[in-house]
Amino acid sequence: MQGDIEKVLISQDEIERHVAEVGRKISEDFAGKDPIFVGVLKGCFIFMADLMRRVDIHCSMDFMAVSSYSGTSSTGAVKINKDLSEDIEGRHVIIVEDILDSGVTLSYLKKYLEVRKPASMSIVTLMDKPSRRKADVYADYSCFEVPDAFVVGYGLDYNEKYRNLPYIGVLKPEIYS
């Protein structure tokens, strides 16, 4: 598995430092507001678990499963595979995403959730890849800006593999081409 990685882009130590920093910032910004964190499965699960341990405020969490990818590229068609279990009306919603890439999925998800009348909606992402943006959506909180490379690890996968890597690595092109 390690041999499939071209290079380590973001180390485990760097991830821990940046996640802690973002957790402190969210705690300051949402003090006394009891936000609900909405994780976008599957890629967010490691980031969200670590982030939640760094947030020092009353909050709750829920998850959605949303798909728009096939292999290495977005299909452009977004499908809700698992919806929220909690009512978000009047709540401060923080969408937790592993990577903000084209923005197509998050743009769709924001519109989908806005009809439920949340008090506010913010996006926190582990990685932001602005060079690939197709939709007008931006992260309110981001740990890293990354180049246009196929990244895996720390929850991100290629064909359901590599999620368990403790760092973010660039996958060798011959693995996915």
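Asks: What's the story with the overall build of the protein chain in this structure? I'm lost.
Replies: Broken down by element type, the protein chain carries 4 helices and 9 strands. Each helix and strand of the protein chain, ordered N terminal to C terminal, gives the series β-α-β-α-β-β-β-α-β-β-β-β-α. Scaling as 2.2 N^0.38, a compact globule of 177 residues should have a C-alpha radius of gyration of about 16 Å, and the protein chain matches this with 16 Å. A principal-axis box enclosing the C-alpha atoms of the protein chain has dimensions of 50 × 35 × 25 Å.

Asks: Which parts of the structure should I look at to understand the nonpolar core?
Replies: Formed by 30 residues in total, the largest nonpolar core has its most connected members in Leu51, Leu126 and Met127. Sorting the residues of this core by element identifies α1 (12–29), α2 (45–54), β5 (92–100), β6 (120–128), β7 (141–145) and β9 (168–171) as the ones contributing at least two each. Excluding anything up to four places from it in sequence, Leu126 contacts Ile15, Val19, Phe47, Glu97, Asp98, Ser142, Cys143, Phe144, Tyr154, Leu156 and Ile168. Residues Val93, Ile95, Leu100 and Leu106 belong to the second largest nonpolar core, which totals 18 residues.

Asks: Which parts of the structure should I look at to understand the packing of α1 against α2?
Replies: Two quantities define a packed helix pair, namely the angle between the axes and the distance from one axis to the other. The contact between α1 and α2 brings their axes to 8 Å, and the two run at 55°. Classified by the interaxial angle, the pair formed by α1 and α2 is oblique. In this structure, α1 crosses over α2, and the sense of that crossing is right-handed. Every residue of α2 that contacts α1 at Val19, Ala20, Val22, Gly23, Arg24, Ile26 and Ser27 is listed here: Phe47, Asp50, Leu51 and Arg54.

Asks: Looking at this structure, how should I read the sheet that holds strand β1 (residues 5–10)?
Replies: The strands making up a sheet are joined through hydrogen bonds of the backbone, oriented either antiparallel or parallel. Ordered in space as β1-β9-β8, the 3 strands form an open sheet in which the pairing is antiparallel. The two strands at the open ends of the sheet, each matched to only one other strand, are β1 and β8 (151–152). Where β1 and β9 come together, 4 bridges link them in antiparallel fashion. Note that in β9 the partner of Val8 across the bridge is Gly169.

Asks: Just checking my understanding: could you explain the packing of aromatic side chains for this structure?
Replies: The way to describe two aromatic rings as a pair is by their centre distance and the angle between their planes. Evaluated as defined, the whole model comprises 4 aromatic pairs. Ring pairing ties together the aromatic residues Phe150, Tyr158 and Tyr176, which thus form one cluster. In this structure, Lys33 is placed above the aromatic ring of Phe30, and the distance from its NZ or CZ to the ring centre is 5.8 Å.

Reading the values: the criteria
- Residues numbered from 1 in each chain as written.
- Predicted model: local features only at pLDDT ≥ 70, side-chain atom pairs only at ≥ 80, totals over all residues.
- Heavy atoms only, no water.
- Helix = DSSP H or I, 4+ residues; strand = E, 2+ residues; numbered from the N terminus.
- Rg over C-alpha atoms; globule rule 2.2 N^0.38 Å.
- Core = buried A, V, L, I, M, F, W, Y, C linked by side-chain atoms within 4.5 Å.
- Buried < 20%, exposed > 50% of the residue type's maximum accessible area, 1.4 Å probe, protein only.
- Contact = heavy atoms within 4.5 Å.
- Axes fitted to C-alpha atoms, helices over the stretch in contact; angles between N-to-C directions.
- Parallel < 35°, antiparallel > 145°, perpendicular 65-115°, else oblique.
- Left-handed = near helix turned anticlockwise from the far one by under 90°.
- Pairing = 2+ DSSP bridges.
- Phe/Tyr/Trp six-rings, centres within 6.5 Å; stacked < 30°, edge-to-face > 60°.
- Lys NZ or Arg CZ within 6 Å of the ring centre and 35° of its normal.

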